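Fold and contact review
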Amino acid sequence: MALHRLSSVVVGVPNLDETARYYTDFGLTPVDPADSTERAFHTLDGGEQLRLVRTPVRRLVQLTIGADDHDDLRRVTERLTRLGIDAARTSVSVTAVEPATGVRATVAVTPRIDQPTVPATPYNGPGRRERVNTRAPGVRRTGPVRPRKLGHVVLGTTDLATTERFFLDGLGFKL
């Protein structure tokens, strides 16, 4: 199975504008909102990866995970079915709702992110003098930090066994 990327995340927040400012300050690029009830952001290499929607409490609403091919979707669908979880299958994705948290999870056939190589930051270390008589590149940076892609989410649950079963045994995540 080749789950290979966090394609997108939808996070519900009660304070939409304040949270949107935080992610803008964090270095994500805002996308023009379709309406006033949501905000979207993209990263340098991952494209549009984060969407904020208004909810009464902060929570993960939805995530989409990239898979390599239709065999991956078939395997996810079969595993979810064995667990007794309803899964909606299309030609390019499979979607199910995690029972304990209500998070909607989609596994979709998507291309892998082709990230340009970035040279390693030079650091001095024991027996290594890579950066002699000069400041670290981060100290001299003039522009803002810009995340290249989002790669993880945080999910709170009141039923760890059910949530682990869904993500590990159903979707195929690794612990």
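One structure accompanies this document, and this report is about it. Treat the numbers as computed from the prediction; the structure is a model and nothing was measured.

Another point: the overall build of the protein chain. A tally of regular secondary structure across the protein chain gives 4 helices and 8 strands. In the protein chain, the order of α-helices and β-strands from amino to carboxyl end is β-α-β-β-β-β-α-β-β-β-α-α. Overall, the protein chain is about 60 × 40 × 30 Å in size when its C-alpha atoms are taken along their principal axes. Relative to its full complement of 175 residues, the protein chain shows a buried share of 36%. Long-range pairs, those at least 24 residues apart, make up 65% of the contacts in the protein chain with a sequence separation of at least 6. Only carbon and sulfur atoms are counted for the fraction: they give 52% of the accessible area of the protein chain, which is about 10700 Å². A distance of 7 Å separates the average location of the 25 positive side-chain charges in the protein chain from that of its 20 negative side-chain charges.

Formed by 28 residues in total, the largest nonpolar core has its most connected members in Leu 50, Leu 52, Leu 63, Leu 80, Val 107, Phe 166 and Leu 171. If you list the elements that add at least two residues to this core, you get β1 (3-13), α1 (16-26), β4 (47-54), β5 (59-67), α2 (70-82), β7 (93-97), β8 (104-109) and α4 (160-171). Setting aside anything within four residues of it in sequence, one finds Leu 50 in contact with Val 9, Val 11, Tyr 23, Leu 28, Arg 39, Ala 40, Phe 41 and Leu 150.

Inspection of every chain in the model, using the stated rule, returns 6 aromatic pairs. Between the aromatic rings of Phe 166 and Phe 167, the centroid separation amounts to 5.0 Å while the plane-to-plane angle is 85°, which identifies the pairing as edge-to-face. Considered together, Phe 166 and Phe 167 belong to a single accessibility category, that of buried residues. Connected via pairs of aromatic rings, a cluster forms that spans Tyr 22, Tyr 23, Phe 26 and Phe 41.

Glancing now at the sheet that holds strand β3 (residues 38-43). Reading across the sheet, the 8 strands line up as β2-β3-β4-β1-β5-β8-β7-β6 and stay open at both edges, with mixed pairing between neighbours. Two strands close off the open sheet at either side, each with one partner strand: β2 (29-31) and β6 (88-89). Across 3 bridges, the pairing between β2 and β3 is antiparallel. Pairing of Pro 30 across the sheet is with Phe 41, part of β3.

Relative to the elements of secondary structure, Thr 19 occurs in helix α1. Setting aside chain neighbours within four positions, we find Thr 19 in contact with Val 13, Leu 52 and Arg 58.

Tallying each qualifying case throughout the model produces 7 salt bridges. Here Arg 51 and Glu 38 are joined by a salt bridge, their closest N and O atoms 3.3 Å apart. Of the two residues, Arg 51 is situated in strand β4 and Glu 38 in strand β3; the sequence distance between them amounts to 13 residues. Accessibility expressed as a relative area gives 26% for Arg 51, which makes it partly exposed. Across the pair Glu 78 and Arg 74 runs a salt bridge whose closest N-O atoms are separated by 3.3 Å. Here Arg 74 and Glu 78 lie together in helix α2, a separation of 4 residues that amounts to about one turn.

Moving on, we get to the pairing of β8. Sheet topology places β5 next to β8; 6 bridges connect them, and they run parallel. Bridge assignment links Gly 66 to a residue of β8, and that residue is Ala 108. Pairing of β7 with β8 involves 5 bridges; the strand directions are antiparallel. What sits directly across from Val 97, in β8, is Arg 104.

Conventions used here
- Residues numbered from 1 in each chain as written.
- Predicted model: local features only at pLDDT ≥ 70, side-chain atom pairs only at ≥ 80, totals over all residues.
- Heavy atoms only, no water.
- Helix = DSSP H or I, 4+ residues; strand = E, 2+ residues; numbered from the N terminus.
- Buried < 20%, exposed > 50% of the residue type's maximum accessible area, 1.4 Å probe, protein only.
- Contact = heavy atoms within 4.5 Å.
- Areas by Shrake-Rupley, 256 points an atom, 1.4 Å probe, with all protein chains shown as cover.
- Lys, Arg positive; Asp, Glu negative; His and termini not counted.
- Charge placed at Lys NZ, Arg CZ, Asp CG, Glu CD.
- Core = buried A, V, L, I, M, F, W, Y, C linked by side-chain atoms within 4.5 Å.
- Phe/Tyr/Trp six-rings, centres within 6.5 Å; stacked < 30°, edge-to-face > 60°.
- Pairing = 2+ DSSP bridges.
- Salt bridge = Lys/Arg side-chain N within 4 Å of Asp/Glu carboxyl O.

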